[in-house]
Amino acid sequence: MRVVVCVKQVPDPAMPPSLLAETHTLDRSGKLVMDDSDSYGVEMALQLAGDVEGSDVTIVSMAPGGETSGLRTALAMGAARAILVSDEALAGSDALSTAKVLAAAIRRAEPDLVIAATESTDGYTGTLPVQVAELLGMPSVTFAKRVSTDGTTLQVERQTEAGYDDVNCPLPAVVTVTAGVVEPRYPSFKGIMAAKSKPIDVLAVSDLGIDASAVGSRGAREEIVDVTDAEAREGGEVVVDEGDGAARVVAFLEQLKVI
Amino acid sequence: MLAETSEQGLTPLTLELLTAARTVAPTVEALAWGPDTASIAGALGEYGASRVYDVGDLAGALPGAPVAAAIAALIGNGERPDAVLLPASYDGRDVAGRLSARLDRPVLTNVTGLVQHDGALLTEHPVFGGAQIVHARFTGEGPGIYVVRAKSFTAEPAGGSAAELVAAPAGDVGPTGAAKIVGRHVEEATGPKLDEAAVVVSGGRGLGSAESYALVEELARLLHGAAGASRAIVDAGWVPYSHQVGQTGKTVKPTVYVACGISGATQHLVGMKGAKNIVAINKDREAPIFSVADLGIVGDVHKVLPALIEALRSR
Ligand SMILES: Cc1cc2nc3c(=O)[nH]c(=O)nc-3n(C[C@H](O)[C@H](O)[C@H](O)COP(=O)(O)OP(=O)(O)OC[C@H]3O[C@@H](n4cnc5c(N)ncnc54)[C@H](O)[C@@H]3O)c2cc1C
Ligand SMILES: Nc1ncnc2c1ncn2[C@@H]1O[C@H](COP(=O)(O)O)[C@@H](O)[C@H]1O
């Protein structure tokens, strides 16, 4: 079973995010790291690949500046290889353009199973994996909280408003996983060393047969008009509990006529 | 706009979408699926939809692919909507993604407001935990696809007559429709629903252990409210996902929100900042939750919550 995991490389979450003044897009000029949300997908892929003999895991990512540090993290966890699409023409791509690029890159890996996160930390549009599925002509099961497979079909527990559904789906298919589904492993020292020599295929837009003017900011069909400060919510009274904290809350609730 | 139903009829978010659609467009048409779409035609009309396209029963298929195909077919056959509005629900997002790829139009997600400006429909999106608002719009030919978050609009009936029912079958969607629901599990909850309760008491990692969540549940019960959670403790497996408040969980707008041992990360704030009153209990004076709290108690949840429960019980 060939498994592909989408891994987004995002600005370090420890740094405060900022928007670029001219384009109102997120500043991605600093070092990028593997999106924490995708560590669950990588772990899930490694576990499922372990369940089906002769499987391997390929990482696919689109990122600026030939960024590979997040990919090395995924390779150190145990993925076999990575495909990176990096091209100046892609700056300012909307999610659909990103989906087209990723779908083209994923198609090269001829996957049986594609795994992505439900939503990314920095973009959180949450539509990209389904767009990819439609472009690849595959079924998709989003919001998976438990996944198992025999290499031919998938059994998924999918979150719902009320609880969860059991969903069956033939492969090839796209699955999105939520945080907490599995416990991502920490790369071992051996894994980190091995990752250094694992292959990363770096592709440009032209390698994928995609017209560069149809993607990136030139191809974008949505635009940010402006960014304004929201009405600030005034912080209220903050008191240190001296044994009277509960009484303060009771008085507050009484005043609101909640009790 | 995409109309979703539950056992209780149209979902609250569907009613909100209908109301929003009416304020920005003269004609609103709905699209729904399920075994008995005729039963919701009255409610759809009451909230302003003139017509409901009926995709029919999906025989267990996940809705994303067939429902998107049905909308794309209507557009292919000459319908020219300016906007397609979808609820930010599990199935709504699936339909949006599939429709986007089919129509070759991008999607604007996390929409919390819609305004007409100089003949263009502008969207509002909260960023950085709602500290700033981004306004965006579509450019180029074709309909805009919008995914709207819950509680962004207040549902109000318009008093129209029942929507006209028109069949809109999906046709064959090939392998994309192959995912099938084979079983359903409902996680029973007692008391009011999280996204409808007037009081919500939520717990976070500061509770220290799964057992301590009982304090949150007990306080919620005493206040006739619902118990919520931060993602940290959902991920840790202390409580089911259906309790999660925030960007990837539920949006709540209660009269009072009590945050217990929750730091107030931006992704949590977007789900509860709309509460009328916020009480926060956290032992760290610097926790961001205090910047939105009307009453902040700097203290230990293991002291404040038992005392609070005791005080309410003895009333
Ligand atoms: C894409 C994405 C989506 C997300 N979606 C959501 C979402 O929908 N909802 C959500 O909640 N989060 C979401 N998150 C996660 C979010 O970023 C935070 O990690 C999470 O909200 C933190 O939960 P917490 O406040 O319980 O834990 P922490 O941040 O660890 O905070 C615990 C708090 O408890 C306090 N504390 C500790 N001990 C005590 C004590 N004894 N008494 C009182 N206080 C104590 C600490 O001071 C601290 O402030 C998302 C993240 C990402 C990347
Ligand atoms: N540039 C990218 N490279 C690789 N994977 C991506 C990229 N963008 C999005 N994804 C995947 O799609 C998921 C949803 O992304 P989003 O639509 O941005 O919320 C992410 O969590 C990733 O798994």
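Residues numbered from 1 in each chain as written. Chains lettered and ligands numbered in written order. Predicted model: local features only at pLDDT ≥ 70, side-chain atom pairs only at ≥ 80, totals over all residues. Heavy atoms only, no water.

S.K.: Residue-level account of the overall build of chain A, with values.
M.R.: Along chain A, the regular secondary structure elements total seven helices and 13 strands. Taken along the three principal axes of its C-alpha coordinates, chain A extends 65 × 45 × 40 Å. By the burial criterion, 51% of the 259 residues in chain A qualify as buried. Nonlocal contacts in chain A, meaning residues at least 24 apart in sequence, comprise 71% of its contacts between residues at least 6 apart. Accessible surface, chain A as shown: approximately 11400 Å² in total, 51% of it carbon and sulfur. (Helix = DSSP H or I, 4+ residues; strand = E, 2+ residues; numbered from the N terminus. Buried < 20%, exposed > 50% of the residue type's maximum accessible area, 1.4 Å probe, protein only. Contact = heavy atoms within 4.5 Å. Areas by Shrake-Rupley, 256 points an atom, 1.4 Å probe, with all protein chains shown as cover.)

S.K.: Any details on the confidence of the model for chain B? Residues and values, ideally.
M.R.: Confidence in the prediction for chain B averages 95 pLDDT; 100% of positions are at 70 or higher. Interface confidence for the predicted complex, given as ipTM, is 0.93, next to a pTM of 0.93. (pLDDT = per-residue confidence, 0-100.)

S.K.: Run through the site of ligand 2, naming residues and quoting values.
M.R.: All names here are of chain A. Close to ligand 2 lie 19 residues; Asp38, Met62, Ser120, Thr125 and Gly126 are nearest. Take Cys6: an N or O atom from its main chain is 3.4 Å from an oxygen atom of ligand 2. Asp38 is positioned such that a nitrogen or oxygen atom in its side chain is 2.7 Å from an oxygen atom of ligand 2. The fraction of the free accessible surface of ligand 2 (490 Å²) that becomes covered by protein chains is 96%. At the level of elements, β4 (56-62), α3 (95-108), β6 (113-117) and α4 (128-136) are the ones that each hand at least two residues to the shell around ligand 2. Examining the composition of the shell around ligand 2, we find that three residues originate from one element, β4, more than from any other. Residues of the shell around ligand 2, tallied by class, amount to 10 nonpolar, six polar and three charged. (Near = heavy atom within 4 Å. Polar contact = N/O pair within 3.5 Å; in protein donor to acceptor, adjacent residues only side chain to side chain. Nonpolar A, V, L, I, M, F, W, Y, C, P; charged D, E, K, R; others polar.)

S.K.: Let's hear about the domain arrangement of chain B: which residues, and what values?
M.R.: Residues and elements named next belong to chain B. Partitioning chain B into domains gives domain 1 (5-177) and domain 2 (199-313). The distance between the C-alpha centroids of domain 1 and domain 2 comes to 32 Å. If you sort the residues of domain 1 by the area they bury against domain 2, Gly129, Arg149 and Lys151 come out on top, with a joint share of 66%. Remark: the boundary between domain 1 and domain 2 carries zero salt bridges. Remark: the boundary between domain 1 and domain 2 carries five residue pairs in polar contact (both at pLDDT 80 or more). (Domains from an automatic or database assignment. Buried area = accessible area lost by both parts, 1.4 Å probe. Salt bridge = Lys/Arg side-chain N within 4 Å of Asp/Glu carboxyl O.)

S.K.: Summarise unusual backbone geometry; cite the residues concerned and give the values.
M.R.: A cis amide bond links Leu171 of chain A with the next residue in sequence, Pro172 of chain A, at an omega value of 0°. Looking at the element boundaries, Pro172 of chain A is found in the loop between β9 (163-170) and β10 (173-177). Phi is positive for Asn110 of chain B, close to 55°, though the residue is something other than glycine. When you line up the elements, Asn110 of chain B lands in strand β6 (residues 107-111).

S.K.: Could you give an account of the sheet that holds strand β10 (residues 144-148) of chain B, naming the residues involved and the relevant values?
M.R.: Hydrogen bonds between backbone groups are what pair the strands of a sheet, and the pairing can be parallel or antiparallel. Residues and elements named next belong to chain B. Judged by pairing direction, the sheet is parallel, and its three strands sit side by side in the order β5-β10-β6 without closing on themselves. Strands with a single pairing partner mark the edges of an open sheet, and in this sheet they are β5 (83-87) and β6. Here the strands of the sheet are splayed against their neighbours by 20° on average, with no regard to which way each runs. In this sheet, β10 lies alongside β6 in parallel orientation, the contact comprising three bridges. Bridge pairing links Leu108 to Tyr146 in β10. (Pairing = 2+ DSSP bridges. Axes fitted to C-alpha atoms, helices over the stretch in contact; angles between N-to-C directions.)

S.K.: Lay out α3 of chain A with the relevant residues and their values.
M.R.: A rise of 1.5 Å per residue sets the reference length of α3 of chain A, with its 14 residues, at 20 Å; its end C-alpha atoms lie 20 Å apart and thus fit the reference within 8%. Across the 14 residues that make up α3 of chain A, a large majority, 10, are buried. All of the buried residues in α3 of chain A are Leu96, Ser97, Thr98, Ala99, Val101, Leu102, Ala103, Ala104, Ala105 and Ile106 of chain A. Buried residues belonging to α3 of chain A abut β1 (2-6), β4, β5 (81-85), β6 and α4 of chain A together with α4 (90-103) of chain B. The residue sitting at the N-terminus of α3 of chain A and contributing the capping side-chain oxygen is Asp94 of chain A; that oxygen lies 3.2 Å from the backbone nitrogen of Leu96 of chain A. Downstream of α3 of chain A by a residue or two, Glu110 of chain A has a phi angle that is positive, lying close to 45°. (Expected span 1.5 Å × (residues − 1).)

S.K.: How would you explain a nonpolar patch on the surface if you had to name every residue and give the values?
M.R.: Together, Phe189, Ile192 and Met193 of chain A make up a nonpolar patch on the protein surface, roughly 330 Å² of accessible area in all. Mapped onto the elements of the fold, Ile192 of chain A is located in helix α5 (residues 189-195). (Patch = residues over 30% accessible without salt bridge, like charges linked within 9 Å, V, L, I, M, F, W, Y side chains within 5 Å.)

S.K.: Outline the sheet that holds strand β8 (residues 153-159) of chain A, supporting the account with residue identities and numerical values.
M.R.: Ordered by their spatial adjacency, 10 strands build an open sheet running β11(A)-β5(A)-β4(A)-β1(A)-β6(A)-β10(A)-β7(A)-β8(A)-β9(A)-β12(B), and the pairing between neighbours is mixed. The strands lining the two open edges of the sheet, one partner per strand, are β11 (200-203) of chain A together with β12 (180-186) of chain B. Along the sheet, successive strands turn relative to each other by an average axial angle of 30°, direction set aside. One ladder, built from five bridges, connects strand β7 (residues 140-149) of chain A with β8 of chain A; its direction is antiparallel. For Val147 of chain A, the partnering residue across the bridge sits in β8 of chain A and is Val156 of chain A.

S.K.: Provide a residue-level description of the side chain of Ser120 of chain A, including the pertinent values.
M.R.: All names here are of chain A. Inspection of the secondary structure assignment puts Ser120 in the loop between β6 and α4. Within polar-contact distance, the side chain of Ser120 engages the side chain of Lys8 at 3.4 Å. A polar side-chain atom of Ser120 sits 3.1 Å from the main-chain amide nitrogen of Gly123. Apart from residues lying up to four places away in sequence, Ser120 is in contact with Lys8 and Asp35.

S.K.: Got a sec to walk through the site of ligand 1? Specific residues and values, please.
M.R.: Within the structure, ligand 1 sits among 28 residues, and Ser230, Thr248, Ser263, Gln267 and His268 of chain B are positioned closest to it. More than one chain lines the surroundings of ligand 1; the residues nearby belong to chains A and B. Interatomic distance of 2.7 Å between a backbone N/O atom of Val245 of chain B and a nitrogen atom of ligand 1. Here an oxygen atom of ligand 1 and a backbone polar atom of Gly249 of chain B are 3.4 Å apart. Among the residues making up the shell around ligand 1, the classes are represented as five nonpolar, 17 polar and six charged.

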